[in-house]
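# Analysis of the macromolecular model
The residues making up each chain are set out below.
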Amino acid sequence: QVQLVESGGGLVQPGGSLRLSCTASGNIPRINFMGWYRQAPGKERELVTQVPYGGETTYADSVKGRFPISREYSKNTVSLQMNNLKPEDTAVYYCRIFWARFDYWGQGTQVTVSS
């Protein structure tokens, strides 16, 4: 069985920071992609950032330069450092992992940016 555990969401003022973490566990031979998506009310789910195994990170233009991501391969963990948060970053953030024919999503963690 595969499990994804997400943490780090919450309420923060504009300009503040939060760190999201996602750890995968279970029978996982190798994870190709690990990353984060988000979905705001009334909008489609969109890619925030993701890291392929041994490859180059992909970022959405809206977060590039603000949201560095780090992947710990030995721990099957990916962390997203969210800096200079803006109200438009408010959304439910989802961890996603996929490899071969396997695709898993976390339950989502709420991030709210408001003064």
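Summary of the structure given here.

Calculation rules
- Residues numbered from 1 in each chain as written.
- Predicted model: local features only at pLDDT ≥ 70, side-chain atom pairs only at ≥ 80, totals over all residues.
- Heavy atoms only, no water.
- Helix = DSSP H or I, 4+ residues; strand = E, 2+ residues; numbered from the N terminus.
- Rg over C-alpha atoms; globule rule 2.2 N^0.38 Å.
- Buried < 20%, exposed > 50% of the residue type's maximum accessible area, 1.4 Å probe, protein only.
- Contact = heavy atoms within 4.5 Å.
- Areas by Shrake-Rupley, 256 points an atom, 1.4 Å probe, with all protein chains shown as cover.
- Pairing = 2+ DSSP bridges.
- Disulfide = S-S within 2.5 Å.
- Core = buried A, V, L, I, M, F, W, Y, C linked by side-chain atoms within 4.5 Å.
- Phe/Tyr/Trp six-rings, centres within 6.5 Å; stacked < 30°, edge-to-face > 60°.
- Lys NZ or Arg CZ within 6 Å of the ring centre and 35° of its normal.

### Quick look at the overall build of the protein chain
The secondary structure content of the protein chain amounts to 0 helices and 11 strands. Reading the protein chain from its N terminus to its C terminus gives the helix and strand order β-β-β-β-β-β-β-β-β-β-β. In terms of overall size, the protein chain behaves like a compact globule, its C-alpha atoms giving a radius of gyration of 14 Å where 115 residues would be expected to give roughly 13 Å. The dimensions of the protein chain, computed from C-alpha atoms along their principal axes, are 45 × 25 × 25 Å. Counting the 115 residues in the protein chain, one finds 41% classified as buried. Taking contacts inside the protein chain between residues at least 6 apart in sequence as the whole, the part at least 24 apart equals 52%. Total accessible area computed for the protein chain in this model is approximately 6400 Å², and 45% of it derives from carbon and sulfur atoms.

### Re the pairing of strand 3 (residues 18–26)
With 6 bridges connecting them, strand 1 (residues 2–7) and strand 3 associate as antiparallel partners. Residue pairing for strand 3: Leu 4 is matched across the bridge by Ala 24. Summarising the sheet, strand 3 and strand 8 (residues 77–82) pair through 6 bridges and their orientation is antiparallel. The partner of Thr 23 across the bridge, within strand 8, is Thr 77.

### Let's talk about the state of the cysteines
For the coordinates displayed, the defined rule picks out 1 disulfide. Here Cys 22 engages in a disulfide with Cys 95; their sulfurs sit 2.0 Å apart. In this structure, the disulfide formed by Cys 22 and Cys 95 twists by about -80° around the S-S bond and is classed as left-handed. Residue Cys 22 is found in strand 3, and its partner Cys 95 is found in strand 9 (residues 91–99); the two are separated by 73 residues along the sequence. Across this residue pair, the class does not change: Cys 22 and Cys 95 are buried.

### Focus: the nonpolar core
Residues Trp 36, Phe 67, Leu 80, Met 82, Tyr 93 and Ile 97 are the most contacted members of the largest nonpolar core, which totals 28 residues. Looking at this core, the elements that each hand over two or more residues are strand 3, strand 4 (33–39), strand 5 (46–52), strand 8, strand 9 and strand 11 (109–113). At 5 residues, strand 9 tops the list of elements feeding residues into this core. Here Tyr 93 is in contact with Glu 6, Leu 20, Trp 36, Tyr 37, Arg 38, Val 48, Phe 67, Met 82, Gly 108, Thr 109 and Val 111, once residues within four sequence places are set aside.

### Some thoughts on the packing of aromatic side chains
What the rule picks out here adds up to 6 aromatic pairs. Judged by centre distance (4.7 Å) and plane angle (15°), the ring pair of Phe 33 and Phe 98 falls under stacked. Of this pair, Phe 33 sits in strand 4 while Phe 98 is found in strand 9, placing the two residues 65 residues apart along the sequence. On the basis of relative accessible area, Phe 33 is assigned to the partly exposed category, the value being 21%. Clustering of aromatic rings is evident, with ring pairs tying together Tyr 37, Tyr 94 and Trp 105. One Lys or Arg, Arg 30, reaches over the ring of Tyr 53 and ends 3.9 Å from the middle of that ring. Arg 45 extends its terminal NZ or CZ atom over the ring of Trp 105, reaching a point 4.7 Å from the ring centre.

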